[in-house]
Amino acid sequence: MDERGSRERRPSPEALLKVAQQTQRGRMKIFLGAAPGVGKTFEMLTAAHARQREGIDVVIGIVETHRRAETEALVRGLEAIPRRRIDYKDRTMEEMDIDAILARRPQLVLVDELAHTNVPGSPHPKRHLDDAELLGVGIDVYTTLNIQHVESLNDVVARITRIRVRETVPDSVIDRADEIELIDLTPADLIQRLQEGKVYVPHQAERAVRHYFQPGNLTALRELALRRTAQRVDDQMVDYMRSHAIQGPWAAGERVLVCVEGGSKASSTVRHAKRLADQLHAPWSAISVETARTRRTGTTEQDSASAALRLAQQLGAEPVLLPGQDVADTIIDYARANNVTHIIVGKSDRPHWWQLLLGGVTQRMIARAGGINIHVIEAAPEKPRKPAQREAPPPQDLRPYGVSLLLVAAALGAAWGLHAVLGIGNIALVFLTAILASAVLHGLGPSLFACVLSILAYNFFFLPPLYTFTIADPENMVALFFFAVVAVIASNLAARVRGQAVTARLRAKTTDDLYQFSRKLAVAVTLDDLLWATAHQIALMLKVRVVLLLPEGDSVAVRAGFPPEDVLEEADLAAAKWCWEKNHAAGRDSDTLPGAKWLFLPLRTGRGSLGVVGIIRDEPGPLLSPDQQRLLDALADQAALAIERIGLARDLAQARLEAETDRLRSALLTSISHDLRTPLASILGSASSLMSKAAILDETTRSALLGTILEESERLNRFIGNLLDMTRLESGALQPNSSLAVLSDVVGAALQRGAKILAAHEVDVDLAAGLPMLELDMVLFEQVLFNLLDNAAKYAPAGSRIEIRAWREGESVILQVLDEGDGIPGGDVERIFDKFYRARGADRRRAGTGLGLAICRGFVEAMHGTILAGNRTDRSGAVITITLPVPMLATLPEDTTT
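Residues numbered from 1 in each chain as written. Predicted model: local features only at pLDDT ≥ 70, side-chain atom pairs only at ≥ 80, totals over all residues. Heavy atoms only, no water.

A.B. asks: Could you give an account of the environment of His-272, with specific residues and numbers?
C.D. replies: Of note, His-272 is situated in helix H12 (residues 266–280). A residue is classified by how much of its surface remains accessible, and His-272, at 26% relative accessible area, is partly exposed. Separated by 73 residues in sequence, His-272 and Val-345 have C-alpha atoms that sit 9.9 Å apart. (Helix = DSSP H or I, 4+ residues; strand = E, 2+ residues; numbered from the N terminus. Buried < 20%, exposed > 50% of the residue type's maximum accessible area, 1.4 Å probe, protein only.)

A.B. asks: Tell me about the packing of aromatic side chains, residues and numbers included.
C.D. replies: All chains considered together, the criterion is met by 10 aromatic pairs. Each ring, one from Trp-416 and one from Phe-462, has its centre 6.2 Å from the other, and the planes form 55°; the classification is tilted. With Trp-416 in helix H18 (residues 399–422) and Phe-462 in helix H20 (residues 444–462), this residue pair connects regions lying 46 residues apart in the sequence. With a relative accessible area of 12%, Phe-462 lands in the buried category. Consider the rings of Phe-431 and Phe-462, whose centres lie 6.1 Å apart with planes at 65°: the pair is edge-to-face. (Phe/Tyr/Trp six-rings, centres within 6.5 Å; stacked < 30°, edge-to-face > 60°.)

A.B. asks: Explain the sheet that holds strand S6 (residues 108–111) residue by residue, including any values.
C.D. replies: Pairing within the open sheet is parallel, and its 6 strands lie in the order S3-S2-S6-S7-S1-S8. The sheet terminates laterally at strand S3 (79–80) and strand S8 (179–183), the two strands that pair on one side only. Where strand S2 (residues 58–62) lies against S6, 4 bridges are found, and the strand directions are parallel. Pairing of Ile-62 across the sheet is with Val-111, part of S6. Sitting on the sheet, helix H3 (residues 40–53) touches strand S1 (28–33), S2, S6, strand S7 (140–146) and S8, and the angle it makes with S7 is about 165°. (Pairing = 2+ DSSP bridges. Contact = heavy atoms within 4.5 Å. Axes fitted to C-alpha atoms, helices over the stretch in contact; angles between N-to-C directions.)

A.B. asks: I'd like a description of unusual backbone geometry, backed by residues and values.
C.D. replies: Both trends apply: most residues other than glycine have a negative phi, and most peptide bonds are in trans. Of note, the bond from Phe-562 into Pro-563 is cis; its omega dihedral lies within 30 degrees of zero at 0°. One can find Pro-563 in the loop between strand S15 (555–562) and helix H23 (570–582). One non-glycine residue, Lys-543, lies in positive phi territory at about 60°. Assessed through its relative accessible area of 61%, Lys-543 is described here as exposed. Located in the positive-phi region is His-864, a residue other than glycine, with phi close to 65°. For His-864, the location among the structural elements is in the loop between helix H29 (852–862) and strand S24 (866–871).

A.B. asks: Please provide a residue-by-residue account of the packing of helix H15 (residues 327–337) against helix H17 (residues 361–368), values included.
C.D. replies: Across the interface, H15 lies against H17 with an axial gap of 8 Å and an inter-helix angle of 40°. The angle between the axes of H15 and H17 places the two elements in the oblique class. In this structure, H15 meets H17 at a crossing whose hand is right-handed. Counted together, Val-327, Ala-328, Asp-329, Ile-331, Ile-332, Asp-333 and Arg-336 of H15 and Val-361, Arg-364, Met-365 and Arg-368 of H17 form the full contact between these two elements. (Parallel < 35°, antiparallel > 145°, perpendicular 65-115°, else oblique. Left-handed = near helix turned anticlockwise from the far one by under 90°.)

A.B. asks: Kindly report on the nonpolar core, identifying the contributing residues and their values.
C.D. replies: Counting 41 residues, the largest nonpolar core has Leu-743, Phe-781, Leu-788 and Ile-882 as its most contacted members. Broken down by element, this core gets its largest block of residues, 8 residues, from helix H27 (residues 778–795). Excluding anything up to four places from it in sequence, Leu-788 contacts Val-817, Leu-853, Cys-856, Ile-880 and Ile-882. (Core = buried A, V, L, I, M, F, W, Y, C linked by side-chain atoms within 4.5 Å.)

A.B. asks: Please provide a residue-by-residue account of the environment of Gly-37, values included.
C.D. replies: As for its placement among the helices and strands, Gly-37 is situated in the loop between S1 and H3. Residue class for Gly-37 comes out buried when judged on its relative accessible area of 5%.

A.B. asks: Run through the sheet that holds strand S12 (residues 342–346), naming residues and quoting values.
C.D. replies: If you trace the 5 strands from one edge of the open sheet to the other, you get S11-S10-S9-S12-S13, paired in parallel fashion. The sheet terminates laterally at strand S11 (318–323) and strand S13 (373–377), the two strands that pair on one side only. Going across the sheet, the axis of each strand differs from the next one's by a mean of 25°, ignoring polarity. Where strand S10 (residues 284–290) and S11 come together, 6 bridges link them in parallel fashion. Bridge pairing in S11 links Val-289 to Leu-322. Running at roughly 150° to S10, H15 makes contact with strand S9 (256–259), S10, S11 and S12 of the sheet.

These results come straight from atomic positions and should not be treated as a statement about function.
And the structure:
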């Protein structure tokens, strides 16, 4: 078996992988109907009873009987998993309990109404996601679906029925189904069921017949259901063929493929293919094969092939451009891999004797077609257009032929030396070496030139009679003939290998350029960097001038270009604006505003058009070949995704900022409403008692009330001070007035200031000896220590110990404040320094505003230190650790008191 035959009989790796993935998951069968009431649930339950009789463990996940007696009768005898009850908007709703099904783990579960939207609070928002989870653990699923719920058909159904269906399922759900059973009913039978009350209650049925269930609507929905089912069955057939290495076609569904070659008949052949595809109601593709010969054809041939491919795409075909060695083999291999049933090819213009002698593409395709229908079209040639003014073609490069001449001369010298010195008579292989070298270096033309020179030199210098082109010995004539044949064949083979190598090298370079471009886009941070990188890459790879335009207000404006000095005229800007608004190509070589100088293409993603890319080439003729068009589409798609990524990142940052602003605003209002009103209420209550009852209050009571006023006033003052400090931090107005300070002095000042709030606790100060002086703002650092002591006093029980420790570690001084409270909850350690954040479970009166520790972090970082929170390891309680750098000039130790 030859290599090509072996390759044709080898299963597709992608198909085998798909089969392997399907065997690892449960199987899903969809009972698909054209409309409600055709009997999907009834058929599903009937099939479930049949599987149960086969010994399969079947349970009902959820089935809606809609009080239909025949459906309720089928539910009996099948185990039903109790539904999950969910409270939603003062109502109790019931949904399928997927957790109970997973715990029960049956072999088959029945899930009605696949497109259903679950009640908020369910494990998944949509029921088809519940099915996906069941399938993922190996449980088979039977489910029901109406055709109007398929996402891709939603607009079509809305136009037919004038009713927009809100609950849809992605097409991928149907594509993943292992089986689809179409439940069909004629419009007359369905309407009769409605009138008999077997679908809706009478008043609903009457309204449904007047609107949704009209015969025309039902007929159209039946056709949609039949077509979607046939499409899925056809996909399954292609997968089966590929996984079992079955050569196509299987003519279960028609597929049309048209071969596009350069020439005046290409467009006529494409139009004939379109008419045939319409007659067969079949999808169709247009294929062009790129070989070494097509790359050597003239510009006119290449332009006509490109125009024919563009025409096919405009008419609805899928354009395909493939590299290959042989046109016929490449087309037949593609047709069999894609189950093509009809191939359309134009009749060759070559002479009949040429095709009989050497064979044409059409003859070779017919020989290999098998069951594929080959249509040979005698297409009428297009009326030649007036050729555009082109620059004079460059002169023929004769250097490769000069190199071939030198190689043959060198071979002649080597052959002469071998013949004269060693007496070797058969020196034809020496000339064959020169021919192969010419083919490898410069291709077919120079190698054929080397063939002719080698034959002449071999005859003239080595075949008797010497130094003439006469051949006396018939044996030498035969040898020369076969030498010529071998030289031509070797030249063609070497040239073909060279062409393949050149093509592979070009494609590898294109792939590498795309990869490098994707890496540039991945690291681009700003939009301007991304746009300039995109413009440069498109210009570099396509050899065109490029502009990129993005929306500004109601129009678009140039944001980047290569070269940067390009300026668009008003007509070009109008074409670019139309392209952006309509999300469609405009300008040169397009269907819209073709008179423009530039070609504009939309930069689009699934969210819509994000901008426009414009290209221009100074040379006349088509801007892009189909291959270049594919490359531009790939570059534009990558750029559009990168632009969308930067936009999404910007939107996400803005959303986070707005959410944080809302959170802080809410926290501030909550804090002010509580932390201002509470001390104010105490002050007002105490002051009003002193005023209204001054005559009856004894001295002790008056002192207590005055003490309350003073204490709450100080608390209110601390709150206002915290707000002002945080405002200074966020506005950037805080500039520490740092100087060398003794740590013990700052600690002492903070303890003295907080004496009242620490009165109920034991304070232990342990500062290591020989601590250096630190560069601190004494006022700010005293506030830091006061806030930490205040925080410890709030959360530590009365009578417990609060410790202050300090020691030196390398070039830093470590200061810790420890308490013996309940500690910091694990999930709050990272957020304890956030503004207005209070630890979970904290009492609001004890917890305060939630600003104290945030201010500590801001002040410490302003003095080039760090602050961390954690829990003690020796006992319960929190520990706050401050790390301060030792300044280079701090050489004098301080006197430490403990």
